[in-house]
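Listed here are the chains, written in short residue letters.
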Amino acid sequence: MTQPLNPVTEWEQRRDRASRYYKRGEFQEYLALATENLKLARIIPDRAREGHTLNDIGLGHLGCWQTQRALDCFVEALEVAREFGNLRAEATALSNLGSTYSRLGKFTPALEYFDGALQIFRKLEDAQGEISTLNDVALIYTRLGEPKRALLLQNQILRMRRLLGDFSGEATTLNGIGFAYSALGDYQQALEYFQAALPIQRAVKSLVGEATTMNNIASMYSDLGQPKQALLIYYQVLLTRRALKDRAGEATTLNNLGFTYNNLANHWQALKCYKQAVAIYKELGDRLGESSTFLNMGSLYAKRRRKKLALSCYCNAHDLATQIEYQPLVEKVQQFINALS
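We now turn to the structure provided with this report. (Residues numbered from 1 in each chain as written. Predicted model: local features only at pLDDT ≥ 70, side-chain atom pairs only at ≥ 80, totals over all residues. Heavy atoms only, no water.)

Right, let's talk about the overall build of the chain for a bit. Scanning the chain for helices and strands turns up 17 helices and zero strands. Computed over C-alpha atoms, the radius of gyration of the chain comes to 21 Å, within 12% of the 20 Å expected from 2.2 N^0.38 for 341 residues, which places it in the range of a compact globule. Across the 341 residues in the chain, those meeting the buried criterion constitute 50%. In the chain, of all internal contacts separated by at least 6 residues, the share reaching a separation of at least 24 is 51%. Accessible surface, the chain: about 16,800 Å² in total, of which carbon and sulfur atoms supply 52%. Side chains of the chain carry 41 positive and 35 negative charges; the gap between the two charge centres is 9 Å. (Helix = DSSP H or I, 4+ residues; strand = E, 2+ residues; numbered from the N terminus. Rg over C-alpha atoms; globule rule 2.2 N^0.38 Å. Buried < 20%, exposed > 50% of the residue type's maximum accessible area, 1.4 Å probe, protein only. Contact = heavy atoms within 4.5 Å. Areas by Shrake-Rupley, 256 points an atom, 1.4 Å probe, with all protein chains shown as cover. Lys, Arg positive; Asp, Glu negative; His and termini not counted. Charge placed at Lys NZ, Arg CZ, Asp CG, Glu CD.)

Structure, rendered in structure tokens:
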């Protein structure tokens, strides 16, 4: 007869099991196990483990695009960390809050939370925590139209990751460097960095990372004037993302497919993909993604001289970008509206 598990051992084992689901991008399964662990941490009772589990649950909600629930969990985790004076847990919660605000397109509070996390990680000499947070900051710089600043930071991160022998993290940074070069319009250089990241993602068996990198590679083929090559890769990515039940990734790929079909003058197919993407973004509450897709739809209608439909899409994009206070996108949409008249 097997002995019942010690509650602390049970908590640790369940957390390990949950972690495997998280790495595979199976966020619903991960969330279910993390929720069970929260009940257990409260039964023990163990406030420190409760704080760790709140962070875990927040990450699960973030993976499922339940951003408000994620924010609530991370705020609670932050309170527990401060209650115990646990600096590492505090930095983790701050970094997770930064990631959530970044996901919402609210980059000012995101940068503030990341800065708070960075200060603590440096104080603790936690190189991995520092690198991961710097990577998030660099991605925000690219999105805010400062890709040169992002590149400086990403190259610094790459050196740090190679010193630590962080193979998986290296792929993440190579993707970030590619993203910055793409924003600078240097698509060939961006493609080379994305292609360098791909074998690493495959070696560490990261299906989510591989799908992201393949999506980036396809985008570069599209920008380099090879839309048919891009389409082939996007459809591969779409199958992977649907298999992983990655709804956010699916919406991104559909938006990219729409953009590529538009470049091929297949407007009917482009609109079909855009509308599918908008429906998913709406379901997820991803106003940044929804706004970007409406902008693409408006451009398609404008090209076909259907001004009323174009203006309607641009206005939707403008409203959404204003709601998330993402100024670069607000300005971009305004330029498109002005060009219509």
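Moving on: the side chain of asparagine 55. Of note, asparagine 55 is situated in helix 3 (residues 47-63). Other than its neighbours up to four places away in sequence, asparagine 55 contacts Phe74, Ala77, Ala89, Thr92, Ala93 and Asn96.

Moving on, we get to helix 10 (residues 187-203). Under the 1.5 Å per step criterion, the end-to-end length of helix 10 is 25 Å for 17 residues, consistent within 8% with the ideal 24 Å. Within helix 10, burial applies to Ala190, Leu191, Phe194, Ala197, Leu198, Ile200 and Gln201. Phi turns positive, to about 55°, at lysine 205, one or two residues after helix 10. (Expected span 1.5 Å × (residues − 1).)

Quick look at the pattern of salt bridges now. Taken as a whole and assessed by the stated rule, the structure comprises 21 salt bridges. With a shortest N-O distance of 3.0 Å, glutamate 130 and arginine 122 are connected by a salt bridge. In this structure arginine 122 comes out as partly exposed when scored by relative accessible area, which is 43%. Lysine 282 serves as the salt-bridge partner of glutamate 290, at 2.8 Å between the closest nitrogen and oxygen. What makes glutamate 290 buried here is its relative accessible area of 6%. Judged by relative accessible area, which is 52%, lysine 282 ranks as exposed. One connected set of salt bridges, linked through shared partners, spans Arg42, Arg47, Glu50, Glu76 and Glu83. (Salt bridge = Lys/Arg side-chain N within 4 Å of Asp/Glu carboxyl O.)

A word on the packing of aromatic side chains. Going through the model one piece at a time under the given rule, you end up with five aromatic pairs. With a centroid separation of 4.8 Å and 55° between ring planes, the pair formed by tyrosine 22 and tyrosine 30 is classed as tilted. Relative accessible area serves as the criterion here: at 32%, tyrosine 22 is assigned to the partly exposed category. With relative accessibility at 5%, the residue tyrosine 30 sits in the buried group. Both rings, one in tyrosine 101 and one in tyrosine 113, keep their centres 5.7 Å apart while their planes meet at 5°; by these two values the pair is stacked. One end of the pair, tyrosine 101, is in helix 5 (residues 87-103); the other, tyrosine 113, is in helix 6 (residues 107-123), with 12 residues separating them in the sequence. (Phe/Tyr/Trp six-rings, centres within 6.5 Å; stacked < 30°, edge-to-face > 60°.)

Let us now look at the side chain of asparagine 135. Inspection of the secondary structure puts asparagine 135 in helix 7 (residues 127-143). On the basis of relative accessible area, asparagine 135 is assigned to the buried category, the value being 5%.

Here the focus is the packing of helix 11 (residues 207-223) against helix 12 (residues 227-243). The geometry of helix 11 relative to helix 12 is characterised by a closest axis approach of 8 Å and an angle of 160° between their N-to-C directions. Overall, the two elements helix 11 and helix 12 adopt an arrangement that is roughly antiparallel. The handedness of the crossing between helix 11 and helix 12 comes out as left-handed. Residues Leu207, Ala211, Thr212, Met214, Asn215, Ile217, Ala218, Ser219, Tyr221 and Ser222 of helix 11 pack against Pro227, Gln229, Ala230, Ile233, Tyr234, Gln236, Val237, Thr240 and Arg241 of helix 12. Partitioned by chemical class, the residues of the contact of helix 11 with helix 12 number 11 nonpolar, seven polar and one charged. (Axes fitted to C-alpha atoms, helices over the stretch in contact; angles between N-to-C directions. Parallel < 35°, antiparallel > 145°, perpendicular 65-115°, else oblique. Left-handed = near helix turned anticlockwise from the far one by under 90°. Nonpolar A, V, L, I, M, F, W, Y, C, P; charged D, E, K, R; others polar.)

When you line up the elements, arginine 49 lands in helix 3. It is 8.1 Å that separates the C-alpha atoms of arginine 49 and leucine 38, two residues lying 11 residues apart in sequence. When residues no more than four places from it in sequence are discounted, the contact partners of arginine 49 are Val8, Trp11, Glu12 and Ala41.

Purely geometric stuff here, so don't read any function into it on its own.
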